[in-house]
Amino acid sequence: MKNNTVCVYETVGFQLIKTIKSNKKYQLVEGDFVLTNTSFIILNTLKTKDGHQLALINIEKGEFRVLTQFKDSITLIYFNHFIQAESAYLFTLSYVNNEGYRVEKIVKVKEPINKESIEVLDNLEIRNWDSIIFNSIHNVYIVVQDYDIVILDGQFKEILKKVCLAEQDYPDHFGYFQLMHQSNDGRYIILTYSETVLILRYDDLEPILVEELQYACFGEFSNDDRFILLGTWANGYILENTLR
């Protein structure tokens with residue numbers, strides 16, 4: 001998406017075949033959008049008169065279907081990741097409450113997508129975060145708040161475990177947070193900070209690898225967990241996963 005326009009290109013020849021643009025009623029919000037299980041249907045954020053809302057966009061027909069009715073005009077919506085085991089999309093809803101504090105909630109959208117398939121979850125103790133993912137193997141949410149790592153149950157209500165990396169016997173300055181990812185077998189969590197990459201064991205959240213990497217911005221496991229993919233603003237690395 002570019003300049004408030006969604007463009008669809010052929011995979012062969014890269015020819016432009018479809019476009020859809022913002023209109024007076026709905027404005028496309030640039031950022032991550034989600035490819036759904038239906039061809040030419042994407043799940044994206046629209047800016048409406050009531051603020052940012054989730055919507056299904058039919059690129060082929062040029063149609064917008066708003067799914068949510070969030071009332072706060074300062075609402076922002078971020079896509080986190082797709083939960084394969086539940087065929088669900090995980091978003092963060094972020095807004096400023098009446099007291100002037102920014103509050104975040106989970107928005108989970110399940111296939112088949114409609115207004116009834118949307119679930120909003122919140123926690124009174126965990127009001128905001130840098131990153132959140134769902135671990136379907138252990139049925140838990142994993143939250144990063146700066147240097148705090150928090151594990152919550154599948155209903156996002158009970159805190160099961162919390163550790164502070166800054167209190168560990170490691171360098172105090174990891175840099176600022178960039179990205180969290182988990183291995184597909186659910187055994188490891190990789191955290192990327194701007195100066196350091198860490199791999200934690202899920203069972204006890206103990207760091208088993210702490211590697212200084214200046215200007216780090218990316219760290220993920222490959223789809224089959226065979227490799228660890230790391231990136232800085234200048235270089236990319238592919239490492240064999242020997243953790244198993």
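All of the points below concern the structure found in this document. (Residues numbered from 1 in each chain as written. Predicted model: local features only at pLDDT ≥ 70, side-chain atom pairs only at ≥ 80, totals over all residues. Heavy atoms only, no water.)

1. A short note on unusual backbone geometry
Let me state the cut-off plainly: Helix and strand definitions follow DSSP, with helices as H or I runs of at least four residues and strands as E runs of at least two, each counted in order from the N terminus. For every residue, the accessible area (1.4 Å probe, protein chains only) is compared with the maximum for its type, and the residue is labelled buried under 20%, exposed over 50%, or partly exposed between those bounds.
Omega for the bond connecting Glu111 with Pro112 falls within 30 degrees of zero, at -5 degrees, which places this linkage in the cis form. Its location among the elements puts Pro112 in the loop between β10 (102-110) and β11 (118-121). Positioned with a positive phi, Leu205 is a non-glycine residue whose angle comes to about 55 degrees. Residue class for Leu205 comes out buried when judged on its relative accessible area of 0%.

2. Focus: the sheet that holds strand β20 (residues 216-221)
As a reminder of what qualifies: Note: two strands are recorded as paired if DSSP finds a minimum of 2 bridges between them. Helix axes are fitted only over the stretch in contact, all axes being lines through C-alpha atoms; the angle between N-to-C directions runs from 0 to 180 degrees.
Taken in spatial order, the three strands make up an open sheet running β20-β21-β22, and their pairing is antiparallel. With one partner strand each, in any of the chains shown, β20 and β22 (236-240) form the two edges of the open sheet. Pairwise comparison of adjacent strand axes, ignoring direction, gives a mean angle of 15 degrees for this sheet. One ladder, built from five bridges, connects strand β21 (residues 227-232) with β22; its direction is antiparallel. Paired with Gly231 across the two strands is Gly236, which belongs to β22.

3. Side note on the layout of surface pockets
Test applied: Method remark: on a 1 Å grid restricted to protein atoms, a set of points is classed as a cavity if a 1.4 Å probe fits but cannot get out and as a pocket if it is open with protein on both sides within 12 Å along at least five of seven lines; lining residues have an atom within 4 Å of a point. Grid points are joined across faces, edges and corners, and a volume is the space filled by probe spheres set on the points.
Size it by volume and the largest pocket reaches roughly 780 Å³. Forming the boundary of the largest pocket are 34 residues, of which Asn80, His81, Ile133, Met180 and His181 lie nearest the centre. Contributions of two or more residues to the lining of the largest pocket are made by β8 (76-83), β12 (131-135), β16 (177-182) and β20.

4. Re the pairing of strand β9 (residues 88-96)
With eight of its nine residues buried, β9 lies for the most part within the structure. Pairing of β9 with β10 involves nine bridges; the strand directions are antiparallel. Within the sheet, the bridge partner assigned to Phe91 lies in β10 and is Val107. Where β9 folds back on β10, the antiparallel hairpin that results is connected by five residues, among which Gly100 adopts a positive phi of roughly 90 degrees.

Read these as layout, nothing more, since geometry by itself doesn't imply function.
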